[in-house]
Amino acid sequence: MSVSRDDVRSIAALARLSFTDEEEQELTEDLNQILGYVEDLESVDTSGVERMTHVLDLSNRTREDVSKARISRDDALSNAPDTDGEHFRVPKVID
């Protein structure tokens, strides 16, 4: 598979980008070089390689989902810069 300058122009139009003729030529060459690398990788025999999602043997460490007592409203509002006694008050940002 190869990429033509028309392909680069089409992709650029979709992305709303504009390139000079030199940049289009460079991008065409770069994309074709990347596709060449991918073709090289496709030729590698990976039949004996186990599939993995990460190169390191990692697993997620999650804590137990334990229910705790809720914080009181007074405690939640105690450090707020501005409240009406029941709610946080914030500056208006939309007119």
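Residues numbered from 1 in each chain as written. Predicted model: local features only at pLDDT ≥ 70, side-chain atom pairs only at ≥ 80, totals over all residues. Heavy atoms only, no water.

Across its full length, the protein carries three helices and zero strands. Helices and strands in the protein line up, N terminus first, as α-α-α. Here the C-alpha radius of gyration of the protein, 28 Å, is well above what a compact globule of 95 residues would show, namely 12 Å. For the protein, the spread of C-alpha atoms along the principal axes amounts to about 65 × 50 × 15 Å. Expressed as a percentage of the 95 residues in the protein, the buried residues total 7%. In the protein, of all internal contacts separated by at least 6 residues, the share reaching a separation of at least 24 is 28%. (Helix = DSSP H or I, 4+ residues; strand = E, 2+ residues; numbered from the N terminus. Rg over C-alpha atoms; globule rule 2.2 N^0.38 Å. Buried < 20%, exposed > 50% of the residue type's maximum accessible area, 1.4 Å probe, protein only. Contact = heavy atoms within 4.5 Å.)

Let us look at a nonpolar patch on the surface. On the surface, a nonpolar cluster with roughly 570 Å² of combined accessible area is contributed by Val-49, Met-52, Val-55, Leu-56 and Leu-58. Turning to its location among the elements, Val-55 is positioned in the loop between helix 2 (21-42) and helix 3 (73-77). (Patch = residues over 30% accessible without salt bridge, like charges linked within 9 Å, V, L, I, M, F, W, Y side chains within 5 Å. Areas by Shrake-Rupley, 256 points an atom, 1.4 Å probe, with all protein chains shown as cover. Salt bridge = Lys/Arg side-chain N within 4 Å of Asp/Glu carboxyl O.)

This brings us to a negative patch on the surface. A cluster of acidic residues, Glu-22, Glu-23, Glu-26, Glu-29 and Asp-30, forms a negative patch at the surface. Within the secondary structure, Glu-26 is located in helix 2. Judged by its relative accessible area of 47%, Glu-26 is partly exposed. (Lys, Arg positive; Asp, Glu negative; His and termini not counted. Charge placed at Lys NZ, Arg CZ, Asp CG, Glu CD.)

Moving on, we come to unusual backbone geometry. Positive phi outside glycine occurs at Arg-16, with the angle close to 55°. On the basis of relative accessible area, Arg-16 is assigned to the exposed category, the value being 78%.

In the contact formed by helix 1 (residues 5-14) and helix 2, the axes pass within 9 Å of each other and the chain directions differ by 105°. Relative to helix 2, the element helix 1 is oriented roughly perpendicular. Seen from helix 1, the contacting residues are Arg-5, Val-8 and Arg-9; seen from helix 2, they are Asp-21, Glu-24, Gln-25, Leu-27, Thr-28 and Leu-31. Looking at the contact of helix 1 with helix 2 residue by residue, the class counts come to three nonpolar, two polar and four charged. (Axes fitted to C-alpha atoms, helices over the stretch in contact; angles between N-to-C directions. Parallel < 35°, antiparallel > 145°, perpendicular 65-115°, else oblique. Nonpolar A, V, L, I, M, F, W, Y, C, P; charged D, E, K, R; others polar.)

Time to look at the side chain of Thr-28. Mapped onto the fold, Thr-28 is located in helix 2. You can call Thr-28 buried: its relative accessible area is 7%. Reaching out from Thr-28, the side chain makes a polar contact with the backbone oxygen of Glu-24 at a distance of 2.7 Å. When residues no more than four places from it in sequence are discounted, the contact partners of Thr-28 are Val-3, Ser-4, Arg-5 and Val-8. (Polar contact = N/O pair within 3.5 Å; in protein donor to acceptor, adjacent residues only side chain to side chain.)

Looking now at the pattern of salt bridges. Evaluation of the coordinates by the stated rule reveals five salt bridges. For Asp-21, the salt bridge identified is with Arg-5, shortest N-O distance 4.0 Å. Separated by 16 residues along the polypeptide, Asp-21 in helix 2 and Arg-5 in helix 1 bring together distant segments of the chain. The network of salt bridges with shared partners includes Arg-5, Asp-6, Arg-9, Asp-21 and Glu-24.

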